Amino acid sequence: SAVISQKPSRDICQRGTSLTIQCQVDSQVTMMFWYRQQPGQSLTLIATANQGSEATYESGFVIDKFPISRPNLTFSTLTVSNMSPEDSSIYLCSVVRDRITDTQYFGPGTRLTVL
Amino acid sequence: AQTVTQSQPEMSVQEAETVTLSCTYDTSESDYYLFWYKQPPSRQMILVIRQEAYKQQNATENRFSVNFQKAAKSFSLKISDSQLGDAAMYFCAYRGPNTGTASKLTFGTGTRLQVTL
């Protein structure tokens, strides 16, 4: 597995503002992903964070709303822009360490509440 | 598109007993991967067990085992000797073949497991 940390662990924000969530891994990983888990729901993939290039977004998610950076093989950020109460969710990053097992390991998540 | 169905929103088991959580999926692929993740109240997603579709042998991890029925597209999780620490939300997840692109996981809606004394 991999040791994955996320910052902040939780935050309460005002509508119209933006929040950047950080995901840090203890060693280089091949792939990083960002998921959203709305209250009482399952996980939905937002995007794949690509190192050195633009993220690959899933249907229903756009770069203007969820800009993602991945400057190196151990770090990524997700920004939730122009927030509304509907953005209140848990945001989780996950990583794949090697493409042989291709197993995703998750960070502890960031609980976001938008007022 | 692939779908994952967990038909049991909630399950309850007594400590030391055995419980089985069900999961079915739909795919046209022949090579894929299935996972069970556990999410306790701390919200950390923890990998419980992993199954490769091309392997006929059911995966096991200590008290956790799966019953993988490829033809029926069924992937149930059996927890033996249940412990209080097993109480959590359990998610079944599907991943398609390794095509060299994003390894997208598709999750089911989850089953909340309660463990009683």
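Residue numbers here run from 1 along each chain, matching the order of that chain's written sequence. Lettering for chains starts from A, numbering for ligands starts from 1, and both go in the order in which the items are written. Since the coordinates come from a predicted model, pLDDT governs what is reported: local features require at least 70, and pairs of side-chain atoms require 80 or more to be given and counted, while whole-chain, interface and lining totals use all residues. Side-chain metrics rest on all non-hydrogen atoms present in the structure, leaving aside hydrogens and water.

Take the overall build of chain B next. Within chain B, the secondary structure is distributed over 0 helices and 12 strands. Secondary structure counts use DSSP, requiring at least four H or I residues in a row for a helix and at least two E residues in a row for a strand, with both numbered from the N terminus. Each helix (α) and strand (β) of chain B, taken in turn from the N terminus, gives the series β-β-β-β-β-β-β-β-β-β-β-β. For 117 residues, the compact-globule estimate of 2.2 N^0.38 gives 13 Å, and chain B sits close to it at 14 Å. Taken along its principal axes, the extent of the C-alpha atoms in chain B is 45 × 30 × 25 Å. Here's how the labels work: a residue is buried when its accessible area is under 20% of the maximum for its type, exposed when over 50%, partly exposed in between, all with a 1.4 Å probe on protein chains only. Within the span of chain B, comprising 117 residues, buried residues form 49% of the whole. Considering only contacts within chain B whose residues lie at least 6 apart along the sequence, 55% involve residues at least 24 apart. What the globule rule says is 2.2 Å times the number of residues to the power 0.38, and the radius of gyration is computed from C-alpha atoms. In what follows, a contact means two residues having at least one pair of non-hydrogen atoms within 4.5 Å.

Our next topic: unusual backbone geometry. For the peptide bond that leads from K7 of chain A to P8 of chain A, omega is -5°, which places it in the cis range. If you trace the backbone, P8 of chain A turns up in the loop between β1 (4-7) and β2 (10-13). One non-glycine residue, K73 of chain B, lies in positive phi territory at about 55°. Following the sequence through the fold, K73 of chain B ends up in the loop between β8 (64-69) and β9 (74-79). Unusually for a residue other than glycine, D81 of chain B sits at a positive phi of about 50°. With respect to the helices and strands, the residue D81 of chain B is situated in the loop between β9 and β10 (88-95). You can call D81 of chain B partly exposed: its relative accessible area is 39%.

Before going further, it helps to spend a moment on the nonpolar core. The nonpolar core is taken to be a set of buried Ala, Val, Leu, Ile, Met, Phe, Trp, Tyr and Cys residues, with the residues joined through side-chain atoms within 4.5 Å. Judged by nonpolar contacts, the single largest core of 26 residues is most densely connected at W34, I46, F66, I68, L78, Y91 and L112 of chain A. The set of elements that each furnish at least two residues to this core consists of β3 (19-25), β4 (31-37), β5 (43-49), β8 (75-80), β9 (89-96) and β11 (110-114) of chain A. In terms of residue count, the dominant contributor to this core is β3 of chain A (4 residues). Among the nonpolar cores identified, the runner-up in size contains 25 residues, and Y32, V66, L113 and V115 of chain B belong to it.

Let's shift gears to the confidence of the model for chain B. Low-confidence regions, as indicated by low pLDDT, have predicted coordinates that should not be scrutinised in detail. A residue-level look at chain B finds 95% of positions with pLDDT of 70 or above and a mean pLDDT of 92. pLDDT expresses, on a scale from 0 to 100, how confident the predictor is about each individual residue. Mean pLDDT across the elements of chain B ranges from a minimum in strand β11 (residues 105-107) of chain B, with 92, to a maximum in strand β3 (residues 19-21) of chain B, with 98.

Now for the pattern of salt bridges. Each salt bridge in this description consists of a side-chain nitrogen of Lys or Arg and a carboxyl oxygen of Asp or Glu lying within 4 Å of one another. If you walk through the whole model with that rule in mind, you get 7 salt bridges over all chains. For K65 of chain A, the salt bridge identified is with D87 of chain A, shortest N-O distance 2.6 Å. With K65 of chain A in the loop between β6 (56-57) and β7 (68-72) and D87 of chain A in the loop between β8 and β9, the pair connects residues that are 22 residues apart, well separated along the chain. Residue classification places D87 of chain A among the buried residues on the basis of a relative accessible area of 5%. In this structure, R50 of chain B engages E52 of chain B in a salt bridge whose closest nitrogen and oxygen atoms are separated by 2.8 Å. Just as R50 of chain B is buried, E52 of chain B falls in that class too. Taken together, the salt bridges that share partners define one network made up of R50, E52 and K55 of chain B.

Of the residues lining the interface, 21 residues belong to chain B; the matching set on chain A comes to 27 residues. By buried area we mean how much accessible surface two parts lose on assembly, using a 1.4 Å probe and totalling the loss over both. In total, about 1800 Å² of surface goes out of reach between chain B and chain A, with carbon and sulfur atoms giving 46% of it. There are 1 salt bridge connecting chain B and chain A. Identification of polar contacts relies on pairs of N or O atoms within 3.5 Å, with a donor-acceptor requirement for protein atoms, meaning one able to donate a hydrogen and the other able to accept it, and with residues adjacent in sequence counted only if both atoms are side-chain atoms. At the boundary of chain B and chain A, one finds 10 residue pairs in polar contact (both at pLDDT 80 or more). Elements supplying a minimum of two residues to the side of chain B that touches chain A: β5 (33-39), β6 (46-52), β10 and β11 of chain B.

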